[in-house]
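For reference, the chains in residue letters:
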Amino acid sequence: MAVPSKTVTNQDLAALVETNDEWITSRTGIQRRRHCAEGESISVLTAEAAQKALERAGVTPDQIGACIVATVTQENLVPSAACGLQKDLGLPEDIPCFDLNAACTGFLFALHTMECLLNASPRKFGLVVGAENLSRVINWEDRGTCILFGDGAGAAVVECREGWPSISAVMGCHGSGELLCLPGVESGGHSYISMEGTKVFKFAVEAVPWCIDQVLKKTGQTVEDVDFFVFHQANARIIDLAVRKYHIPAEKYYKNIAEYGNTSAASIPLVLGELQEQRKVGPGSRVLAVGFGGGLTWGSCLIEFA
């Protein structure tokens with residue numbers, strides 16, 4: 001994982017818009033978030049996270065069979081962030097490298113896509129990255145959204161071998177631009193995030209348990225069989241509701257939203273990165289990851305650590 005150096009507190013935001021620390025924390029669980037400072041680049045953070053992942057996995061660039069960067073805020077539409085990463089890391093030139101946009105569910109969509117690619121590739125390692133620079137698409141006059149989002153990058157090296165169990169991904173989407181939207185370039189308006197928070201919250205509290213149920217059913221596992229649950233860090237209350245519904249013990253889930261806010265596609269890999277650094281997950285750990293986001297999109301899968 002890699003995050004910017006600049007920390008933006010709730011008190012900092014209270015100086016910009018009509019809000020306060022208690023209001024933000026009680027409704028979202030967010031206390032701080034990281035934003036790229038002047039001179040910082042999300043592409044540099046992406047490369048840093050990816051390089052750390054390669055080193056931790058003991059995998060060299062020439063062993064990578066595909067590279068996917070999940071993002072909605074890449075610095076350039078062309079060349080893609082993944083192509084830039086291929087150049088920065090010296091990945092092979094005869095592999096697919098591309099960006100994937102599924103908003104906050106992007107990392108999970110990318111994992112499933114990578115599984116499909118590696119099943120047909122002679123190289124059995126893939127590089128999957130979630131990276132966002134959301135601070136540059138924030139409307140600083142909208143107190144409902146400017147408090148939520150942060151920047152960062154998280155990366156994972158994945159391996160897929162014949163005979164290994166699938167990650168049993170469950171994915172879905174429902175085309176809707178009314179609840180959560182980020183207009184593109186030359187669309188006639190500012191490229192700022194807009195969101196109907198109450199309706200998105202309702203969608204999320206329905207999507208999360210549905211995703212968990214589907215993956216458990218698909219794998220024949222139970223809550224007790226899962227070593228750790230990793231939730232997209234959008235709102236602490238959404239996580240708390242799922243934890244209570246499934247009676248997940250405190251040692252089996254983790255929240256870092258207080259520190260980083262909602263980092264969209266970077267959210268789940270940031271959690272995974274911290275969990276591994278803290279040795280809460282390790283060799284053989286089975287992790288059920290759940291995401292949801294704009295699109296609307298949702299997804300879940302069961303990941304096993306090598």
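Because the structure is predicted, anything quoted here is derived from the model rather than measured. (Residues numbered from 1 in each chain as written. Predicted model: local features only at pLDDT ≥ 70, side-chain atom pairs only at ≥ 80, totals over all residues. Heavy atoms only, no water.)

Visitor: What is the right way to read the environment of Ala103 from this model?
Guide: Among the structural elements, Ala103 can be located in the loop between β4 (97-100) and α5 (106-119). Between the C-alpha atom of Ala103 and that of Gln74, which follows or precedes it by 29 residues, the distance is 12 Å. Contacts of Ala103, omitting those with residues within four sequence positions, involve Val72, Ser264, Ala265, Gly293 and Gly294. (Helix = DSSP H or I, 4+ residues; strand = E, 2+ residues; numbered from the N terminus. Contact = heavy atoms within 4.5 Å.)

Visitor: Would you mind showing me how to read the pairing of strand β5 (residues 125-133) here?
Guide: Burial analysis of β5 places nine of its nine residues in the buried class, the great majority of the element. Alternating positions in β5 separate into two faces, Phe125, Leu127, Val129, Ala131 and Asn133 on one and Gly126, Val128, Gly130 and Glu132 on the other, with burial throughout. For strand β3 (residues 64-70) and β5, the ladder comprises five bridges, and the chain directions are parallel. Counterpart to Ile68 in the pairing with β5 is Val128. Pairing of β5 with strand β6 (residues 151-159), which is carried by nine bridges, proceeds in the antiparallel orientation. Within the sheet, the bridge partner assigned to Val129 lies in β6 and is Ala155. (Buried < 20%, exposed > 50% of the residue type's maximum accessible area, 1.4 Å probe, protein only. Pairing = 2+ DSSP bridges.)

Visitor: Just to check I follow, could you spell out the nonpolar core for this structure?
Guide: Inside soluble globular proteins, nonpolar side chains tend to come together where they are buried. Grouped together as the largest cluster of nonpolar side chains are 45 residues, with contacts concentrated most on Val208, Ile212, Phe229, Phe231, Ile248 and Leu288. With sequence-adjacent residues up to four places away left out, Leu288 is seen in contact with Ile212, Val215, Leu216, Val226, Phe228, Phe229, Val230, Ser300, Cys301 and Leu302. The next biggest cluster of nonpolar side chains, apart from the first, holds 30 residues, and it includes Leu108, Ala110, Cys160 and Ile167. (Core = buried A, V, L, I, M, F, W, Y, C linked by side-chain atoms within 4.5 Å.)

Visitor: Would you explain the pattern of salt bridges in this entry?
Guide: Two side chains that carry opposite charge are able to pair once their charged atoms sit near each other. Counted according to the given criterion, the structure contains eight salt bridges. Among the ionic pairs, Glu259 bridges to Arg34, the shortest N-O distance being 3.7 Å. Of this pair, Glu259 sits in helix α8 (residues 257-260) while Arg34 sits in strand β2 (residues 32-35); the two residues are 225 residues apart in sequence, bridging distant segments of the chain. Judged by its relative accessible area of 24%, Glu259 falls in the partly exposed class. A relative accessible area of 17% places Arg34 in the buried class. A salt bridge links Asp94 to Arg123; its shortest N-O distance comes to 3.1 Å. You can see Asp94 sitting in the loop between α4 (81-89) and β4 and its partner Arg123 sitting in the loop between α5 and β5, a full 29 residues away along the chain. Classification of Arg123 as partly exposed rests on a relative accessible area of 24%. Three or more residues joined by partner-sharing salt bridges are found here, namely Arg32, Arg34 and Glu259. (Salt bridge = Lys/Arg side-chain N within 4 Å of Asp/Glu carboxyl O.)

Visitor: Help me understand the sheet that holds β5 in this model?
Guide: The strands making up a sheet associate through backbone hydrogen bonding, with each pair oriented either parallel or antiparallel. Spatial ordering of the open sheet is given by β4-β3-β5-β6, a layout of four strands whose pairing is mixed. For this open sheet the edge positions go to β4 and β6, each flanked by a neighbour on one side alone. Averaged over all adjacent pairs, the angle separating strand axes in this sheet is 20°, with direction ignored. Seen against the sheet, α4 touches β3, β4 and β5 and runs at an angle of roughly 140° to β4. (Axes fitted to C-alpha atoms, helices over the stretch in contact; angles between N-to-C directions.)

Visitor: Just checking my understanding: could you explain the packing of helix α3 (residues 42-57) against α4 for this structure?
Guide: Packed helix pairs are specified by the crossing angle of their axes together with the interaxial distance, meaning the distance between the axes. Following both chains from N to C, one finds α3 and α4 inclined at 55°, their axes separated by 10 Å at the closest point. Here α3 is positioned oblique relative to α4, judged by the angle of their axes. Handedness of the crossing formed by α3 with α4: right-handed. Contacts from Thr46, Ala47, Ala50, Gln51 and Leu54 in α3 reach Leu85, Asp88 and Leu89 in α4. Each residue belonging to the contact of α3 with α4 can be placed in one class, and the counts come to five nonpolar, two polar and one charged. (Parallel < 35°, antiparallel > 145°, perpendicular 65-115°, else oblique. Left-handed = near helix turned anticlockwise from the far one by under 90°. Nonpolar A, V, L, I, M, F, W, Y, C, P; charged D, E, K, R; others polar.)

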